[in-house]
Amino acid sequence: MKFKYKVLAINLIMLTLAISITGFFMTNNSFKLSIESEIRHAVTENNLSQAVVEYELLKEVNSNIIDEYDIAGTLEEIGRRVASGMSTGDSSLFIRYADEMVFSGSENTGEVPSDLFSGFEKMSKSYSITHEKDSYYIYVASHNKIFNKELSIIIKRNVSAVYRELNDNLKFYALLFASVLLIAAGLLYIISSVLTKPLEKLNKVTEQIAGGEYDVRSDVSSSDEVGMLSDKFNVMAESVENHVNELQDMVVRRDRFVADFIHEIKTPMTSVIGYADTLRSIEMTEEEEKEALDYIYSEGKRLENLSMRLFDLLYLKDHDITKVKSEADGIVLEASQSMKPKAKSREIRINTEVEKGYISCDRELIKTALINIIDNALKASENGSEIVITGKTDNEEYLIEIKDSGIGMTQEDIKYMFDEFYMADKSRTRREGGAGIGLSLVKQIMERHEAGISVESEIGKGTTVSIRFKLCLE
């Protein structure tokens, strides 16, 4: 069942209960008031009838007109006179003396309820409500004793109008209840539809995201809890989209890594196998054999270097590093000094300008990372050019910049330059003996040191690599 129908059903049930309970108490209270009013009228009539009957009877007794043996006949005559003088046709008079009904204002004398005469005391009253055929009656009895015999004056009052009014009220209330419930159901359906519409929108967006449309967002805008839910849902959807994009990018990079790795392994292995087969199966001069062996050796060293770089990369991902307070300027100088022989062979100048500063690091790893960056700068630089390395404090950071004036890179190259086996210029990199793992190793080292690394480059104008370490102030 949809949520809006649940809201509608619950509200209708609550409304039905509220109206039913309210109507029951109102109708019941109105009926009780009407019955109590009829009882009061019956009691008043009974009091009047009792007073008249007893007065007339005492007057007869005191005048010695009758004795106790003639009372029954006298009461019948008095009852006839009192009944003829009653102002309302809804009431009847009964007189009971010595356990016998001596006068009845109704044709059926046996209809008077017997419970009116049980357990009464002198000068007491009792009443009873009965249902006779299609009518309702109230009997009110006054009890006294005359010559030690029981005298009961009884008024029978027709109250069928009260019960008809009750039935009319119930029918009217049922009609009113059905009308109100029908109108309320329509209004509640509209209200529940309006209230749950944002949730239906969220549900639709959820289905779209579940179907792979990760870029869709909820457009629900309100200041209530649903609006807050929509905002948080959009934050969650964006996080999911970013995560999915990262996973997809990771899959692409993994596939490219595998393809590049196979290619990097296959190329030297093909050369090694080819030259080895040639040496094994063909007669060669000493000079040709030496050339083949040199090629086998160089390609073998290349494979060794590749395996060591991969080992370093995997080791960094799975092992902790120990960081100590070290001179950043000293590490930069050592790294640049290590690369000067290679730079000298190509007549490339390395100018180093560093300020004093301390960082918390694994000295050898940082040195390895800087050597890799300088080595890539050398590969990208033309013979006779210059590489500038600077190190300085910048607020609470130590900034190292390595700038070359080489071939530069595109923004696409910068985006992927830290991926394993990625090479902006594959022919130049292989010619220089690289395999595209150095910068991915640099990235891993910097991430483990919580250092920021950024690259700025322009085709034909060179590249600047900036690294920021937190200063070690203690």
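What counts as what
Residues numbered from 1 in each chain as written. Predicted model: local features only at pLDDT ≥ 70, side-chain atom pairs only at ≥ 80, totals over all residues. Heavy atoms only, no water. Helix = DSSP H or I, 4+ residues; strand = E, 2+ residues; numbered from the N terminus. Phe/Tyr/Trp six-rings, centres within 6.5 Å; stacked < 30°, edge-to-face > 60°. Buried < 20%, exposed > 50% of the residue type's maximum accessible area, 1.4 Å probe, protein only. Pairing = 2+ DSSP bridges. Patch = residues over 30% accessible without salt bridge, like charges linked within 9 Å, V, L, I, M, F, W, Y side chains within 5 Å. Areas by Shrake-Rupley, 256 points an atom, 1.4 Å probe, with all protein chains shown as cover. Salt bridge = Lys/Arg side-chain N within 4 Å of Asp/Glu carboxyl O. Core = buried A, V, L, I, M, F, W, Y, C linked by side-chain atoms within 4.5 Å. Contact = heavy atoms within 4.5 Å. 1 Å grid on protein atoms, 1.4 Å probe; cavity = no way out; pocket = protein on both sides within 12 Å on 5 of 7 lines; lining within 4 Å. Points joined across faces, edges and corners; volume = space filled by probe spheres on them. Nonpolar A, V, L, I, M, F, W, Y, C, P; charged D, E, K, R; others polar. pLDDT = per-residue confidence, 0-100.

## A word on unusual backbone geometry
Positive phi, normally seen in glycine, also occurs at Asn-395, with a value near 60 degrees. Tracing the backbone through its elements, the reader meets Asn-395 in the loop between β9 (386-394) and β10 (397-404).

## Let's talk about the packing of aromatic side chains
One pair of aromatic rings is described through two measures. These are the centre distance and the angle between the planes. All told, the structure shown has five aromatic pairs when counted by the stated rule. Ring centres of Phe-24 and Phe-25 lie 5.4 Å apart, and the angle between their planes is 75 degrees; on these two criteria the pair is classed as edge-to-face. A relative accessible area of 51% means that Phe-24 is categorised as exposed. Overall, Phe-25 belongs to the exposed group, its relative accessible area being 53%. On the numbers, 6.4 Å between centres and 25 degrees between planes, the contact of Tyr-173 with Phe-177 is stacked.

## A look at the pairing of strand β2 (residues 100-104)
Pairing of strand β1 (residues 91-97) with β2 involves four bridges; the strand directions are antiparallel. Across the sheet, the residue bridging to Ile-95 is Phe-103, located in β2. Between β1 and β2, which follow one another and run antiparallel, lie two residues, and Ala-98 among them has a positive phi close to 55 degrees.

## Observations regarding a nonpolar patch on the surface
On the surface, Tyr-5, Ile-183, Leu-187, Tyr-189, Ile-190, Ile-191, Val-194 and Leu-195 cluster together to form a nonpolar patch covering roughly 790 Å² of accessible area. Ranked by the residues each element gives to the nonpolar patch, the list is headed by helix α3 (residues 160-210), at seven residues. A residue is classified by how much of its surface remains accessible, and Val-194, at 56% relative accessible area, is exposed.

## Structural notes on the nonpolar core
Counting residues in hydrophobic clusters, the biggest one holds 39 residues, and the most contacted among them are Leu-370, Ile-374, Ile-387, Ile-467 and Phe-469. Contributing elements (two or more residues each) for this core: α6 (328-345), β8 (358-361), α7 (363-380), β9, β10, α10 (438-448) and β12 (462-470). It is α7 that contributes the most residues to this core, eight residues altogether. The contacts of Leu-370, once residues within four sequence positions are left out, are Ile-331, Val-332, Ala-335, Ile-400, Ile-402 and Ile-467. The next biggest cluster of nonpolar side chains, apart from the first, holds 16 residues, and it includes Val-61, Leu-75, Ile-78 and Val-82.

## Some details on empty space enclosed by the protein
Enumeration according to the criterion identifies one cavity of 30 Å³ or more in this entry. Of the volumes computed, that of the largest cavity is approximately 40 Å³. The wall of the largest cavity is formed by Thr-27, Ser-30, Phe-31, Ser-34, Val-162, Glu-165, Leu-166 and Asn-169. Taken together, the elements giving at least two residues each to the lining of the largest cavity come down to α1 (3-62) and α3. Residues of the lining of the largest cavity, tallied by class, amount to three nonpolar, four polar and one charged.

## Notes on the confidence of the model for the protein chain
Considering every residue of the protein chain, the mean pLDDT works out to 81; 84% of them sit at 70 or more. Scored below 50 in pLDDT, residues 423-436 makes 32 contacts in the model with residues more than four places away or belonging to other chains.

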